[in-house]
Structures are given as structure tokens and as C-alpha cells.
Amino acid sequence: MKITFCCTGTKPEPWLAGLRSAFPGAEVTVWEPGAALADHAVVWAPPQQFFDEQTELKGVFNIGAGVDALLKLRLPPQATVVRLDDAGMSVQMAEYVCHAVIRHFREFDGYAADIQAGKWTYRKPLERSEFPVGVMGLGVLGARVAQSVAQFDFPVVGWSRSAKELAGVRCFAGAAQFNDFLASTRILVNLLPLTPETRDIMCLQTLSRLRSGGYVINVARGAHLVDEDLLALLASGHLSGAMLDVFRSEPLPPEHPFWQHPQITITPHTSARTLRDESIAQIAGKIRALEAGQAILGIVDPVRGY
Ligand code: NDP
Ligand code: OXD
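Residues numbered from 1 in each chain as written. Chains lettered and ligands numbered in written order. Predicted model: local features only at pLDDT ≥ 70, side-chain atom pairs only at ≥ 80, totals over all residues. Heavy atoms only, no water.

### Considering the overall build of the chain
In step 1: Within the chain one finds nine helices and twelve strands.
In step 2: Its C-alpha atoms give the chain a radius of gyration of 21 Å, near enough to 19 Å, the size a compact globule of 306 residues would have.
In step 3: In terms of overall dimensions, the chain has a C-alpha envelope of 65 × 45 × 30 Å along the principal axes.
In step 4: A burial count over the chain gives 50% of its 306 residues as buried.
In step 5: Considering only residue pairs separated by 6 or more positions, the chain has 60% of its internal contacts joining residues 24 or more positions apart.
In step 6: As displayed, the chain has an accessible area near 14,900 Å², and 54% of this comes from carbon and sulfur atoms.
In step 7: Distance between charge centres in the chain, computed from 28 positive and 31 negative side chains, equals 4 Å. (Helix = DSSP H or I, 4+ residues; strand = E, 2+ residues; numbered from the N terminus. Rg over C-alpha atoms; globule rule 2.2 N^0.38 Å. Buried < 20%, exposed > 50% of the residue type's maximum accessible area, 1.4 Å probe, protein only. Contact = heavy atoms within 4.5 Å. Areas by Shrake-Rupley, 256 points an atom, 1.4 Å probe, with all protein chains shown as cover. Lys, Arg positive; Asp, Glu negative; His and termini not counted. Charge placed at Lys NZ, Arg CZ, Asp CG, Glu CD.)

### With respect to the packing of helix α3 (residues 89–105) against helix α5 (residues 140–150)
In step 1: Packing of α3 against α5 leaves a shortest axis separation of 8 Å and a crossing angle of 45°. Between α3 and α5, the angle falls in the class oblique. Judged by the sense of rotation from one axis to the other, the crossing of α3 with α5 is right-handed. Contact residues: α3 offers Met 89, Ser 90, Val 91, Met 93, Ala 94, Val 97 and Cys 98, while α5 offers Val 140, Leu 141, Arg 144, Val 145, Ser 148 and Val 149.
In step 2: Here the residues of the contact of α3 with α5 are counted per class, giving ten nonpolar, two polar and one charged. (Axes fitted to C-alpha atoms, helices over the stretch in contact; angles between N-to-C directions. Parallel < 35°, antiparallel > 145°, perpendicular 65-115°, else oblique. Left-handed = near helix turned anticlockwise from the far one by under 90°. Nonpolar A, V, L, I, M, F, W, Y, C, P; charged D, E, K, R; others polar.)

### Considerations on the nonpolar core
In step 1: Membership of the largest hydrophobic core comes to 52 residues, with the highest contact counts inside it found for Val 97, Val 189 and Ile 217.
In step 2: For this core, the elements supplying multiple residues, two or more each, are β1 (2–7), α1 (12–22), α3, β6 (133–136), α5, β9 (187–190), β10 (214–218) and α9 (276–291).
In step 3: Shared between two domains, this core takes at least three residues from each, and those domains are domain 1 (2–87 + 274–291) and domain 2 (89–266).
In step 4: Those residues in contact with Val 97 that sit more than four places away from it in its chain are Val 145, Val 149, Val 189, Ile 217 and Val 219.
In step 5: Phe 181, Leu 234, Leu 252 and Phe 258 belong to the second-largest nonpolar core, a separate cluster that totals 25 residues. (Core = buried A, V, L, I, M, F, W, Y, C linked by side-chain atoms within 4.5 Å. Domains from an automatic or database assignment.)

### Side note on the site of ligand 1
In step 1: The environment of ligand 1 is formed by 30 residues, the closest being Arg 83, Leu 141, Ser 162, Lys 164 and Tyr 306.
In step 2: Asp 245 has a polar side-chain atom sitting 3.1 Å from a nitrogen atom of ligand 1.
In step 3: Tyr 306 is positioned such that a nitrogen or oxygen atom in its side chain is 2.6 Å from an oxygen atom of ligand 1.
In step 4: Notes on ligand 1: free accessible area 950 Å², of which the protein chains cover 93%.
In step 5: Mapped by element, the contributors of at least two residues to the shell around ligand 1 are α3, α5 and β7 (156–160).
In step 6: The leading source of residues in the shell around ligand 1 is α5, at three residues.
In step 7: Looking at the shell around ligand 1 residue by residue, the class counts come to 15 nonpolar, nine polar and six charged.
In step 8: Among the domains, domain 1 (2–87 + 274–291) and domain 2 (89–266) are the pair contributing at least three residues each to the shell around ligand 1. (Near = heavy atom within 4 Å. Polar contact = N/O pair within 3.5 Å; in protein donor to acceptor, adjacent residues only side chain to side chain.)

### Thoughts on the pairing of strand β3 (residues 40–44)
In step 1: Across the five residues of β3, four count as buried, placing the element largely inside the fold.
In step 2: Direction of pairing for β1 relative to β3: parallel, over a ladder of five bridges. Along β3, the bridge assignment pairs Thr 4 with Ala 41.
In step 3: Relative to strand β4 (residues 59–62), β3 is paired through four bridges, and the arrangement is parallel. Looking across to β4, one finds that His 40 is bridged to Gly 59. (Pairing = 2+ DSSP bridges.)

### What to know about the environment of Gln 205
In step 1: When you line up the elements, Gln 205 lands in helix α7 (residues 204–207).
In step 2: For the pair Gln 205 and Asp 229, spaced 24 residues apart in sequence, the C-alpha to C-alpha distance is 8.8 Å.

### Considering the domain arrangement of the chain
In step 1: Each assigned domain of the chain is listed with its residue range as follows: domain 1 (2–87 + 274–291) and domain 2 (89–266).
In step 2: For domain 1 versus domain 2, the distance between C-alpha centres works out to 33 Å.
In step 3: Tallying the contact residues gives eleven residues for domain 1 and six residues for domain 2.
In step 4: Between domain 1 and domain 2, the buried area comes to about 770 Å², and carbon and sulfur atoms account for 49% of it.
In step 5: At the junction of domain 1 with domain 2, the criterion picks out one salt bridge.
In step 6: For Asp 68, the salt bridge goes to Arg 221, with nearest N and O atoms at 3.0 Å. (Buried area = accessible area lost by both parts, 1.4 Å probe. Salt bridge = Lys/Arg side-chain N within 4 Å of Asp/Glu carboxyl O.)

This is the structure we're talking about:
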């Protein structure tokens, strides 16, 4: 068996070592133009030339959960495209979002500023029931996040394409229930995949439907959020702040207003990192299953876009 590795911005050696130890008999190499045809590919942001040349691939394994960039390429039609299915990311997302929700609700930024100014002051405790958290996307990551936030007794609502039942989460589904979901939400968490249907989904029209004093946590993709609309709603006071991990252009350009905005906290696309060992173990298991003709989780539907 031949496995080719083509991951832009990723140091290949540890991945090659892990894949070679999982498949001692296989040829595992870094792709270069003109390389021999492989059976399976492990990829992140490969160039189009990679797929133009690698025409015999059975499996294409993306080392991230989001496949929006991959699906912009022309892929070999026979290949099964597989994304990471948790692989240690859901617990990281839960940490990030719970941190953001609690930091906002408990006004920890305000306390930090007071302490910095030498002030020993108390704020009146806020009512948890007035801070319902709404999670868009109830897949592998969103479901774990919604249930983790619910552990802190916040009211939690969720929204997905197909109807779901999740303990502790009031679930809404489909376009018809989107406005009701938004109207039930004060802290909005985005964990949707980026598809033609979800691009620009957080805009003036939708964010205006959040409860007054709304807060936005975007951990999915930058193109879900219309930046100017967020800024306008912060200026008007309808929204109170945002914590953003993903941006339309990454790294966020130095002149972008998000860098210095007092109500916006940014992090550099780090809410859930790809963990190498977990990912290699998952991909190796799936290559074995595919080779044995068995079903696997995490197969991408190119028509659906995720
Ligand atoms: P999943 O595919 O498991 O879940 C996607 C969820 O979104 C599903 O519940 C799906 O509904 C819902 N959804 C998709 N389209 C729509 C729509 N049009 N309307 C309503 N709901 C919709 O993905 P993951 O949870 O694994 O990952 C989510 C995203 O998180 C990734 O695509 C990626 O962009 C981002 N991500 C960001 C990272 C970071 O570090 N910032 C790290 C990892 C991922 P249904 O259940 O009905 O199919
Ligand atoms: C992912 C990401 O999609 O890292 O996994 O953003």
C-alpha cells in the first residue's frame, strides 16, 4: 500500500513516522510533483496539482474537521473524502467555549480591569436564566459544546439542519426554526461547517434577532461572520461583545479593527487544534476499515458541503 502526505504548513516527519509505524509494510512518503500514484492521501490545504496527478486515490484524509477549503478543489471522483471526527478536538472546543461563556457571564474582564486599576469592587451577580446560550451546529463538536455549557446550568438551545434530541438542550432544526432559535439566544456560539448555505450567516439581519446584549463566539470559520455587521451592532449597543477564533483572512491583517476593539477578544485559530497522535490513530483505523470494505464515520458528502 502507498500513502502520500501533502499537508501545507505541517512538519511532515512526525506524521510519516506515525503512519509508518501504523503500517509497517506500506510506502509512506511526502508528495512531490511527479510522485508515484498512491492509494491513500493525508492532506491539509493541498494544491490542485496534487489531485490532478493523484488520480487513483481510494481515500483522502483531511487532518482537520472542516473541509471547506478542500471541497473548492477538483477531487478524484472515486475517492472517499474523510474529515477528522473529534480526534481530541471536541474537549478543546468545550474548554474554549465554556471559558468564553463564563468569562463573559461572570464579567471577569471587568474584574481584571478593576484590579489593574487597584480597585477592590464587587458587581451584582447576574441572572443565569437571562443568558441563554445558543449553539449553531450540533455535530461532533457542537453537541459536546452544548452539553458542556449546559453542565453550568445555563439554558442551552441548539440549531442544526436535521432534527436532534440532546439531553439538556432545546433543539431547533432547519431554516423554518432559525428565527425562533435566534430569538431564544443571548450568547451565540457558531460551530457550523462553512458551506454555500452558511456563509455570511451571522449578519445584521440574523444577529439583530439575538436577545439584547447579545454576545458572539465564533469558533468555526471567519466567512460565517460579516465583520462590518458585528462592528455596527456593537456600536449600536445591541451586542455587548464577541470572542473570535477564526477570521476571513488568517492571520488577521494588522490593520483589521478587531485587533484593538475593546469589546472583542481574538485568538489565533486555536480553539481546537489537530492532535497528531489521536489523528494518526483515527486515520490509520479508517484506512484499515476502508481496505477491508467496512463502514467508517466522518465521510464527507461533497454535495452537502460537509
Ligand atoms: P459536523 O459535520 O459534525 O457538524 C456540523 C453541524 O452543522 C451538524 O449538526 C449539521 O446539521 C449542522 N449544519 C450544517 N449545515 C447546516 C445548515 N445549513 N443549517 C443548520 N445546521 C447545519 O462538524 P464538526 O462539529 O466536526 O465541526 C464543525 C466545524 O467546526 C467545522 O466544519 C470547522 O469549520 C470548525 N472547526 C474549527 C476549528 C477551530 O480550531 N476553530 C477546529 C475544528 C473544526 P446535521 O447534524 O443535521 O447534519
Ligand atoms: C479544522 C480546523 O477544521 O482546524 O479542524 O479549523
